[in-house]
Number of protein chains: 2
Amino acid sequence: MSDEFQELKRLTGDAAAETVQSGMVIGLGSGSTADMATRAIGRRLAADQIRNIICIPSSENTARLARALHIPLTTLDEQPTLDLYIDGADEIDPQLDLIKGLGASLLREKVVATASRSVLIIGDYRKLVQQLGERSPLPVEVIPFAQQPVTSYLEGLGARTILRTRDGKAVITDEGNIILDCYFDEIADAGQLGQAVRAQPGVVEHGFFLGLADEALVAMADGEIRRLTRP
Amino acid sequence: MSDEFQELKRLTGDAAAETVQSGMVIGLGSGSTADMATRAIGRRLAADQIRNIICIPSSENTARLARALHIPLTTLDEQPTLDLYIDGADEIDPQLDLIKGLGASLLREKVVATASRSVLIIGDYRKLVQQLGERSPLPVEVIPFAQQPVTSYLEGLGARTILRTRDGKAVITDEGNIILDCYFDEIADAGQLGQAVRAQPGVVEHGFFLGLADEALVAMADGEIRRLTRP
């Protein structure tokens, strides 16, 4: 990644960490942008600018990073309601509806976001779209057993599907599932499409995050941070 | 289990196996009643009464049983469409809508049933109910990460939930998930309730099988096998 976008990620990560207050239960997102926020939270804790927070990581990767930063961690069993969830997104539309999942952690991310009183999304201007699906595929998490019938079903819904792989092998999520990246010509109604996708047995979750985000901090090309709220 | 019910299970298992024809792709259910059908299919194969069938097991347990019986097995990747699925059920209502999942294999069972042209349910008369939920809880399969928020959500829908355990430990499904058994006072609309349950992130599947069964073979107390079809 170019230094420019790395710097924009750092800016939004810092801005997100500034919203964290002492005593909060915080959900930590996953992926390179969310990691910037986690690092900034770690720095604020170390500098004693905030105290007595406790965090729930949305992936095994994030848990490792947070432990390395000495951020106190807990689970949803201990803290079923969170004050704030901070995460990146692959696409952000004008309603603050999102596509997430290019980092393959969408399932736990959605569970934690749903359990949070407030959801803050961070990213740079390239993530802003007019309509979901403009640039990103819709990631769909599927049990390996059901790969073939779910693929046929998604193609029946109009998707071109690609099994996500890394180094020639299927990417396996924290829950032991595969990801089918679904390319649709146009997504007219994300809510309806998400329901149809989720209805098929073997589908565990999809990457539409609708009505979940309350606020977004978006870094523009000139470094300005634009604050967007759900209309 | 008493000999009487064991005998009724054997009768329906035999009757189901009689419907299997040479050349078919068959889905094998899970649980003690479905096992009777799998054993009867194995006997018919061994006696050369049917040939050239291939089967897809709906659980690791069923796969082990089928292998022991020398029943040829395949996967949904190889055979995405099945001719016939045979399985038991916990409850069967007059529309042949079902509750399944007391055997903890509901997820793969539903995937295989959905991929089958025809679904045949077997059981004894105790499984017949006027309304789903009369006697059985609704099993809900959940990722362990989301146990607490999903429990709260299901309680919000009116359920009393019990984490399924065996020997003091949580039962873990073939997909690594837990089962929450949900007791509702009354289930007025299983379709609506199923959608609400499935909508919650962290819920992987539930035990309502609606509109999936085409036929049921039910052993009555006197040993008569009653054939029911979906109205």
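Below you will find a few notes about this structure.

### Brief notes about the overall build of chain A
Moving on, step 1. In terms of helices and strands, chain A carries six helices and 15 strands.
Moving on, step 2. Taken over the C-alpha trace, chain A has a radius of gyration of 17 Å; the compact-globule value for 231 residues is 17 Å, and the two agree within 12%.
Moving on, step 3. C-alpha atoms of chain A, sized along the principal axes, occupy 55 × 40 × 35 Å.
Moving on, step 4. Here chain A holds 231 residues, and 55% of them are scored as buried.
Moving on, step 5. Within chain A, counting contacts between residues at least 6 apart in sequence, those at least 24 apart form 74% of the total.
Moving on, step 6. Taken as two groups, the 23 positive and 33 negative side-chain charges of chain A have centres that lie 4 Å from each other.

### Some words on the relation of the copies chain B and chain A
Moving on, step 1. By a simple turn and slide, chain B fits onto chain A: the slide is 0.0 Å along the axis, the RMSD is 0.0 Å, and the turn is 180 degrees. Such a combination of turn and shift is consistent with a two-fold rotation axis. Ranked by how close their C-alpha atoms come to the rotation axis, the residues of chain B are headed by valine 204 of chain B, at 2.6 Å.
Moving on, step 2. A high fraction, 100%, of the interface residues of chain B reappear at the interface in chain A, so the copies pair face to face through one surface.

### Brief notes about the pairing of strand 11 (residues 178-183) of chain A
Residue and element names in this part refer to chain A.
Moving on, step 1. Burial within strand 11 is extensive, with five of its six residues counted as buried.
Moving on, step 2. Examined bridge by bridge, strand 7 (residues 138-142) and strand 11 share five bridges and lie antiparallel to one another. In the sheet register, glutamate 141 faces strand 11, and the bridge partner there is isoleucine 179.

### Quick word on the sheet that holds strand 1 (residues 25-28) of chain A
All names here are of chain A.
Moving on, step 1. Reading across from one edge, 2-1-3-6-14-15 is the order of the six strands in this open sheet, with mixed pairing throughout. Of all strands in the sheet, those bounded by a partner on one side alone are strand 2 (54-57) and strand 15 (225-229). Shown here is a sheet whose adjacent strand axes are inclined to one another by a mean of 20 degrees, direction ignored.
Moving on, step 2. Pairing between strand 6 (residues 119-124) and strand 14 (residues 215-219): five bridges, direction parallel. When the sheet's bridge partners are listed, aspartate 124 is paired in strand 14 with alanine 219.

### What about the pattern of salt bridges?
Any two side chains of opposite charge can pair if their charged atoms end up close together.
Residues and elements named next belong to chain B.
Moving on, step 1. By the definition in use, this model includes 33 salt bridges over all chains.
Moving on, step 2. A salt bridge links glutamate 60 to arginine 108; the shortest N-O distance between them is 3.1 Å. Taken together, the residues span a long stretch of sequence, with glutamate 60 in helix 3 (residues 60-68) and arginine 108 in helix 4 (residues 106-114) at a distance of 48 residues.
Moving on, step 3. For glutamate 60, a relative accessible area of 34% translates into the label partly exposed.
Moving on, step 4. For arginine 108, a relative accessible area of 12% puts it in the buried group.

### What about the interface of chain B and chain A?
Size of an interface: often given as the accessible area lost when the parts come together.
Moving on, step 1. Contact with chain B, which involves 26 residues of that partner, is made by 26 residues of chain A.
Moving on, step 2. Taking both partners together, chain B and chain A bury about 2200 Å²; carbon and sulfur atoms supply 67% of that area.
Moving on, step 3. When residues of chain B are sorted by the area they lose upon contact with chain A, Phe145, Arg198 and Pro201 of chain B head the list and together hold 30% of the total.
Moving on, step 4. If you look at where chain B meets chain A, you find five residue pairs in polar contact (both at pLDDT 80 or more).
Moving on, step 5. Secondary-structure elements contributing two or more residues to the side of chain B that touches chain A are strand 2 (54-57), helix 4, helix 5 (147-156) and strand 12 (203-206) of chain B.

### Comments concerning the sheet that holds strand 6 (residues 119-124) of chain B
All names here are of chain B.
Moving on, step 1. What the six strands build is an open sheet, ordered 2-1-3-6-14-15; its pairing is mixed. The two strands at the open ends of the sheet, each matched to only one other strand, are strand 2 and strand 15 (225-229). Strand-to-strand twist across the sheet, computed as the mean angle between neighbouring axes with direction ignored, equals 20 degrees.
Moving on, step 2. Packing of helix 1 (residues 3-18) onto the sheet brings it into contact with strand 3 (84-87), strand 6, strand 14 (215-219) and strand 15, and relative to strand 6 it is tilted by some 160 degrees.
Moving on, step 3. Against the sheet, helix 2 (residues 32-46) makes contact with strand 1 (25-28), strand 3 and strand 6, and its axis sits at roughly 115 degrees relative to strand 6, the strand it touches most.

### Quick word on unusual backbone geometry
Moving on, step 1. In this structure, aspartate 48 of chain A takes a positive phi of about 65 degrees despite not being glycine.
Moving on, step 2. Take aspartate 48 of chain A: its relative accessible area is 42%, and that puts it in the partly exposed class.

### Quick word on the packing of aromatic side chains
Moving on, step 1. The tally for this structure, following the rule as stated, stands at two aromatic pairs over all chains.
Moving on, step 2. Both rings, one in phenylalanine 5 of chain A and one in tyrosine 125 of chain A, keep their centres 6.1 Å apart while their planes meet at 45 degrees; by these two values the pair is tilted. Highlighted residues: phenylalanine 5 of chain A in helix 1 (residues 3-18) and tyrosine 125 of chain A in the loop between strand 6 and strand 7, separated in sequence by 120 residues.
Moving on, step 3. When the ring centre of phenylalanine 209 of chain B is taken as reference, the NZ or CZ atom of lysine 110 of chain B above it lies at 5.1 Å.

### Some thoughts on the packing of helix 2 (residues 32-46) of chain A against helix 3 (residues 60-68) of chain A
All names here are of chain A.
Moving on, step 1. Packing of helix 2 against helix 3 leaves a shortest axis separation of 10 Å and a crossing angle of 25 degrees. Between helix 2 and helix 3, the angle falls in the class roughly parallel. In this structure, the crossing between helix 2 and helix 3 has a hand that is right-handed. Here helix 2 contributes Asp35, Thr38 and Arg39 to the contact with helix 3, which in turn contributes Thr62, Leu65 and Ala66.
Moving on, step 2. When the residues that make up the contact of helix 2 with helix 3 are grouped by side-chain class, the tally is two nonpolar, two polar and two charged.

Procedures and definitions
- Residues numbered from 1 in each chain as written.
- Chains lettered and ligands numbered in written order.
- Predicted model: local features only at pLDDT ≥ 70, side-chain atom pairs only at ≥ 80, totals over all residues.
- Heavy atoms only, no water.
- Helix = DSSP H or I, 4+ residues; strand = E, 2+ residues; numbered from the N terminus.
- Rg over C-alpha atoms; globule rule 2.2 N^0.38 Å.
- Buried < 20%, exposed > 50% of the residue type's maximum accessible area, 1.4 Å probe, protein only.
- Contact = heavy atoms within 4.5 Å.
- Lys, Arg positive; Asp, Glu negative; His and termini not counted.
- Charge placed at Lys NZ, Arg CZ, Asp CG, Glu CD.
- Least-squares fit on C-alpha atoms with pLDDT ≥ 70 in both.
- Pairing = 2+ DSSP bridges.
- Axes fitted to C-alpha atoms, helices over the stretch in contact; angles between N-to-C directions.
- Salt bridge = Lys/Arg side-chain N within 4 Å of Asp/Glu carboxyl O.
- Buried area = accessible area lost by both parts, 1.4 Å probe.
- Polar contact = N/O pair within 3.5 Å; in protein donor to acceptor, adjacent residues only side chain to side chain.
- Phe/Tyr/Trp six-rings, centres within 6.5 Å; stacked < 30°, edge-to-face > 60°.
- Lys NZ or Arg CZ within 6 Å of the ring centre and 35° of its normal.
- Parallel < 35°, antiparallel > 145°, perpendicular 65-115°, else oblique.
- Left-handed = near helix turned anticlockwise from the far one by under 90°.
- Nonpolar A, V, L, I, M, F, W, Y, C, P; charged D, E, K, R; others polar.

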